[in-house]
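# Survey of secondary and tertiary structure
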Amino acid sequence: MGSPQMDASKHVASGQPVYREPARVVAVSPLPGGHCRLRLRAPSIAAAVKPGQFVNVSPPLDSALLRRPFGVYRTFEQTDIELLFKLVGRGTLALAKVRVGDEIDIIGPLGNGFDLSGKLPDTAVLVAGGFGIAPLHPLALALRDNVARMFLFVGTEEDLPLEISDSSMRLSFVDPEVTVALTDFEALGATSRVATLRERPGFFRGLVTDLLEEFLHGSEAAANAKIYACGPWAMLKRTAAAAAEHGLPCDVLLEERMGCGIGACMSCAVRLKGKGGEAAYVRACVEGPVFDAAVIDWDAK
Amino acid sequence: MKPDLRTTIAGIEMASPVVVPSGTFGFGEDFARFSDFSHADIGAIFLKGTTLKPQLGNPPPRVAETPAGMLNSIGLQNPGVDVVVNEILPRLAKSGLDTPLIANVAGETIDEYVAVARRFSEAPNIAAIEVNISCPNVRRGGLAFGAAPEAAFEVIKATRAVTRLPIIAKLTPNTARIVQVARACIDAGADALSLINTLVGMVIDVRSRRPLLGNKTGGLSGPAIKPVAVAKVYEVFDAVGHRVPLIGMGGISNADDAYEFVLAGASAVGIGTALFSNHRAPREVAAGLAVRLEEARFRRLSDAVGAAHNERRWQTTDETA
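Scope of this entry: the structure provided in the associated data block. (Residues numbered from 1 in each chain as written. Chains lettered and ligands numbered in written order. Predicted model: local features only at pLDDT ≥ 70, side-chain atom pairs only at ≥ 80, totals over all residues.)

With respect to the helices and strands, the residue Q77 of chain B is situated in the loop between β6 (69-72) and α1 (81-94). Q77 of chain B gets classed as buried once you count the C-beta atoms within 10 Å, which come to 25. Residues contacting Q77 of chain B, with those up to four places away along its chain left out, are M266 and Y281 of chain A together with Q55, L56 and G57 of chain B. (Helix = DSSP H or I, 4+ residues; strand = E, 2+ residues; numbered from the N terminus. Buried ≥ 20, exposed ≤ 12 C-beta atoms within 10 Å, placed from the backbone. Contact = placed C-beta atoms within 7 Å.)

Residues and elements named next belong to chain B. One open sheet accounts for eight strands, arranged β3-β16-β15-β10-β9-β8-β7-β4; its pairing is parallel. A single partner strand is all that each edge strand has here, and the edge strands are β3 (18-19) and β4 (45-46). Direction of pairing for strand β9 (residues 167-170) relative to strand β10 (residues 192-195): parallel, over a ladder of three bridges. If you follow A169 over to β10, its bridge partner there is L193. In the packing of helix α2 (residues 110-121) onto the sheet, contacts are made with β7 (101-105) and β8 (128-132), and the angle to β7 comes to roughly 160 degrees. Sitting on the sheet, helix α4 (residues 149-160) is in contact with β8 and β9, with an inclination near 155 degrees to β9. (Pairing = 2+ DSSP bridges. Axes fitted to C-alpha atoms, helices over the stretch in contact; angles between N-to-C directions.)

This part covers the interface of chain B and chain A. Each side of the interface is counted separately: chain B has 35 residues, and chain A has 29 residues. Elements with a contribution of two residues or more to the side of chain B that touches chain A: β5 (63-66), β6, α1 and α8 (273-277) of chain B. Tallying contributions element by element places α1 of chain B first for the side of chain B that touches chain A, with four residues. Taken together, the residues of the side of chain B that touches chain A break down into 17 nonpolar, ten polar and eight charged. (Nonpolar A, V, L, I, M, F, W, Y, C, P; charged D, E, K, R; others polar.)

Turning next to the environment of L89 of chain B. All names here are of chain B. Structurally, the position occupied by L89 is in helix α1. For the pair L89 and L199, spaced 110 residues apart in the sequence, the C-alpha separation amounts to 30 Å. Here L89 is in contact with V84, A123 and N125, once residues within four sequence places are set aside.

This next bit is on the environment of F27 of chain B. Residue and element names in this part refer to chain B. When you line up the elements, F27 lands in the loop between β3 and β4. A tally of 25 C-beta atoms within 10 Å means that F27 is categorised as buried. Measuring from C-alpha to C-alpha, the distance between F27 and K48 comes to 5.8 Å, with 21 residues separating the pair along the chain.

As a general point, the strands of a sheet are linked pairwise by backbone hydrogen bonds and lie either parallel or antiparallel. Residue and element names in this part refer to chain A. Spatial strand order, β11-β10-β9-β8-β12-β13-β16: seven strands in an open sheet with mixed pairing. Bordering the open sheet on either side are β11 (204-205) and β16 (290-292), each of which pairs with just one other strand. Bridge count between strand β12 (residues 225-230) and strand β13 (residues 250-253): four bridges; the pairing is parallel. If you follow Y228 over to β13, its bridge partner there is D251. Contacts from helix α3 (residues 136-143) reach β8 (123-129), β9 (149-155) and β12 within the one sheet, and its direction differs from that of β8 by about 170 degrees.

As structure tokens, this is what we get:
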């Protein structure tokens, strides 16, 4: 008998319908350093999406075969959603070239999202690796009035391969864009800090997980904290280890390669440790993308 | 007059010739989450490949997009036939789903195929058994049975012996002997053939200098493989004609694609990879296919099946009008 996670029967829809919308581009801002902010009119999705859920976007003009998953960054008046992403390949490059008024085929809301039922922590610590910051914003919005303290730690280097040969990549990332993003978070009452690997005034020097460690060791607020993290696997793995070491709960939002995004193809498999040592793969698109960090087999990648 | 799209595959009457291939549609429930989804647009659902015991599946990454296609390497992850028969199928029955369900049976040994087929035969809502002798993503079984006619014959014959349900053999293009394999399956008692499964492929991540997929190789699907699939359907139809119906698949995303397969010899067509970006593809393809048939003055789908083989094909339209 398989572990419960493998039983497809457990996976059948949370009951939430998935909409397909021809989403009109309301605003698109290609950002320096190869990033993009894209606002889409998608009322059915915008009205239903919960923090941590994602949309699956067809890159325009048949530029790619499969849809591309994006965590929703912001919603506006239940009519628009905004995505914030880095240009990494065919799909994202094509998406950054759309114009206001264009229609983009998207489906959503998808995935489980953050569990905000039950008792929320006194202190919420949001940890982002690069543009893993995007899907944490709706979480911050939901937590704002329900937690005593909120911290945001952002690391900027890990997924910026070009920064070594071209420092302007890193600077443009840190300066205009993260600053804008941080402003969004600080408006929600989060105390934010940015970690960079290079010495820069006002920034923590090191990995964002070093920054997290320093906080967990040094701050009284850390005692009753819950950690919410999104970013590259290695960064999440270290975050999960830090949380475990301090006995703190930790939810991670995984960004996996996907096929269908709706649960049918089993492409976006995430390996769980399983109880009693019995491993299992679950789908990031249905059972995730948000997982309790303690159940993930972090050595699987 | 609107052409008649109904088709009969292995005794199963289908309202639409458009089916969803195994592995692209889970166990039939996921796509139902779409607010506008209707199973009525689908002629039959081929369920996810099922083995005797639960199968963990392959390590990720399991998917990579390639030019006009995708590689997948799921490794037959499934909860095992007991869970499918005892839990999933009853739930599908209770949901009122009346689209024919076709089980896809996989195994490492002939005994395993036989055991799974036997279990599915006890289920009230399975219309046929597709024998998967073509999965490229498992170390044993799968492809090993489908690449050689002798092995294919043995597994189909053994399965035939334990079930009254119609049997469909799913063929692989990863063999030079697809015609011989097709004949062997028919001789062993297969009532229909599905073709093609995916083509073995690999992507190497140039940054890590390692194969990108966790299982190193995967199965290529999508528009990139369509000409290969059309050629295989044409080749097999040429050899076996109307002995058994063919279910053609491989890169179909629109009505013209589907029409090509019909003309090559397919009595039904599968839409898989295209579903991932367009869940309405079955409906759109069926509607478009009806238009194409009408334009060519085919009164029914079956009149067009294999029409590309007609020697005087420039006259085909007039002859069938």
